[in-house]
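One-letter residues, chain by chain:
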Amino acid sequence: MNPKQEFIKAIMQVLRLEANIYTMGAIEEIIDRLEVQDYTLFIAYLGERESDYEKPIESIAKGVNEFYELKTSPMIRAAREKANRLVSCLRVYFFEKHDRQEDVSKIVGVVFVVSDEKFIFSKESLDIVMSCEEGFNKFKESGFNWCSDLEDAIFKKLTSGKIKPNIEERIENKSIAMAKNTLGICVQALGLNKEKEMLY
């Protein structure tokens, strides 16, 4: 028995759930966001949380969401702060100093003071910003004024692949993928050309 199977068995014992393939399969889907090293701490968390009026499966699902949010919130907060800091530095450099030069790479190595801390704008920071092309273009179009599009794009880049979707998001993602696939099949079946296909 692998660690995940042992974990599912332990959860079912703690919550006195009847073992069957559907319940075990559902629990496996629900706990997908947890890492193996989280298993013991999660069972301890389940034991601590108030769940008097919840069904066992509901208790697991809510427990996983709460646990995962607790675990990822420092990283999400740090990513949001970094995205905000990068856009602030860009704004100071290009907008407040009225420096509208097109060579963005000149910002690398510039020292900024953010919340009484020195921050050097690195090549890595520039690469992150430049990888958010659409957000950066909107930032430029605004005359290097504040742009939440760029901040959001940087935040998504910093958290990409680090936040696992919850059950609802996974269902939605599957539905979107299926809809795109179905639409693609319909477009091919109708014999539409590539240019028209791009409209979808």
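Residues numbered from 1 in each chain as written. Predicted model: local features only at pLDDT ≥ 70, side-chain atom pairs only at ≥ 80, totals over all residues. Heavy atoms only, no water.

Q: Explain the overall build of the protein here, please?
A: A count of helical and extended segments in the protein gives nine helices and two strands. Ordered by position from the N terminus, the helices and strands of the protein form the series α-α-α-α-β-β-α-α-α-α-α. Sequence separation of 24 or more characterises 57% of the internal contacts of the protein that already satisfy a separation of 6 or more. Total accessible area computed for the protein in this model is approximately 13500 Å², and 54% of it derives from carbon and sulfur atoms. (Helix = DSSP H or I, 4+ residues; strand = E, 2+ residues; numbered from the N terminus. Contact = heavy atoms within 4.5 Å. Areas by Shrake-Rupley, 256 points an atom, 1.4 Å probe, with all protein chains shown as cover.)

Q: Hey, could you run me through the pairing of strand β2 (residues 117–120) in this one?
A: Where strand β1 (residues 111–114) and β2 come together, four bridges link them in antiparallel fashion. Its bridge partner lying in β2, V113 is registered against K118. (Pairing = 2+ DSSP bridges.)

Q: Where do I start with the pattern of salt bridges in this structure?
A: Any two side chains of opposite charge can pair if their charged atoms end up close together. Scanning all chains against the criterion turns up 13 salt bridges. Among the ionic pairs, D152 bridges to R80, the shortest N-O distance being 3.1 Å. Of this pair, D152 sits in helix α7 (residues 148–159) while R80 sits in helix α4 (residues 56–96); the two residues are 72 residues apart in sequence, bridging distant segments of the chain. Residue classification places R80 among the partly exposed residues on the basis of a relative accessible area of 31%. The partner of K123 in a salt bridge is D127, with the nearest N and O atoms 2.7 Å apart. (Salt bridge = Lys/Arg side-chain N within 4 Å of Asp/Glu carboxyl O. Buried < 20%, exposed > 50% of the residue type's maximum accessible area, 1.4 Å probe, protein only.)

Q: In this structure, what is going on with the packing of aromatic side chains? I would like to understand it.
A: Each pair of aromatic rings is reported with the distance of its centres and the angle of its planes. A complete count under the given rule lists seven aromatic pairs for this structure. Where F7 meets Y39, the ring centres are 3.8 Å apart and the plane angle is 5°; that geometry is what we call stacked. Placement of the pair is F7 in helix α1 (residues 3–14) and Y39 in helix α3 (residues 39–48), with a sequence separation of 32 residues. Relative to F139, the ring of F136 has its centre 6.1 Å away and its plane inclined at 45°; by these criteria the two rings are tilted. A residue pair is termed a helical-turn pair when its members lie 3 or 4 positions apart in one helix, as F136 and F139 do in helix α6 (residues 133–141) at three residues. (Phe/Tyr/Trp six-rings, centres within 6.5 Å; stacked < 30°, edge-to-face > 60°.)

Q: How should I be thinking about the packing of α1 against helix α2 (residues 21–30) in this particular structure?
A: The angle between the axes and the distance between the axes are what describe a pair of packed helices. Direction vectors running N to C along α1 and α2 enclose 110°, while the axes themselves pass 10 Å from each other. Judged on the interaxial angle alone, α2 and α1 are roughly perpendicular. The handedness of the crossing between α1 and α2 is right-handed. Between α1 and α2, the contacting residues are K4, I8, I11 and M12 on the first element and T23, M24, I27 and E28 on the second. Across the contact of α1 with α2, the residue classes break down as five nonpolar, one polar and two charged. (Axes fitted to C-alpha atoms, helices over the stretch in contact; angles between N-to-C directions. Parallel < 35°, antiparallel > 145°, perpendicular 65-115°, else oblique. Left-handed = near helix turned anticlockwise from the far one by under 90°. Nonpolar A, V, L, I, M, F, W, Y, C, P; charged D, E, K, R; others polar.)

Q: Even after reading the chapter, I still don't get the nonpolar core, so can you show me in this structure?
A: One recurring pattern in soluble globular proteins is that nonpolar side chains are buried together. Ranked by internal contacts, the top residues of the largest apolar core, which has 26 residues, are L90, I107, F121, F139, L150 and I154. Where this core is concerned, the elements lending two or more residues are α4, α5 (123–130), α6 and α7. Apart from residues lying up to four places away in sequence, I154 is in contact with A83, L86, V87, I128, V129 and C132. (Core = buried A, V, L, I, M, F, W, Y, C linked by side-chain atoms within 4.5 Å.)

Q: So what exactly am I meant to see when it comes to α1 here?
A: In an α-helix, one turn spans 3.6 residues; hence positions three or four apart end up facing the same way. Compared with the 16 Å implied by 1.5 Å per residue over 12 residues, the 16 Å span of α1 between its first and last C-alpha is a close match. Within α1 the residues assigned to the buried category are F7, I8, I11 and M12. Along the axis of α1, the buried positions cluster into a sector of 135°, meaning they face one direction only. Within two residues after α1, R16 carries a phi angle of roughly 55°, on the positive side. (Expected span 1.5 Å × (residues − 1). Arc of directions from axis to C-beta.)

Q: Before we go on, may I ask you to explain the environment of S131 in this structure?
A: Looking at where S131 falls in the secondary structure, it is placed in the loop between α5 and α6. Here S131 falls in the partly exposed class, since its relative accessible area comes to 37%. Each C-alpha atom of the pair S131 and I154 lies 8.4 Å from the other, and the pair is 23 residues apart in sequence.

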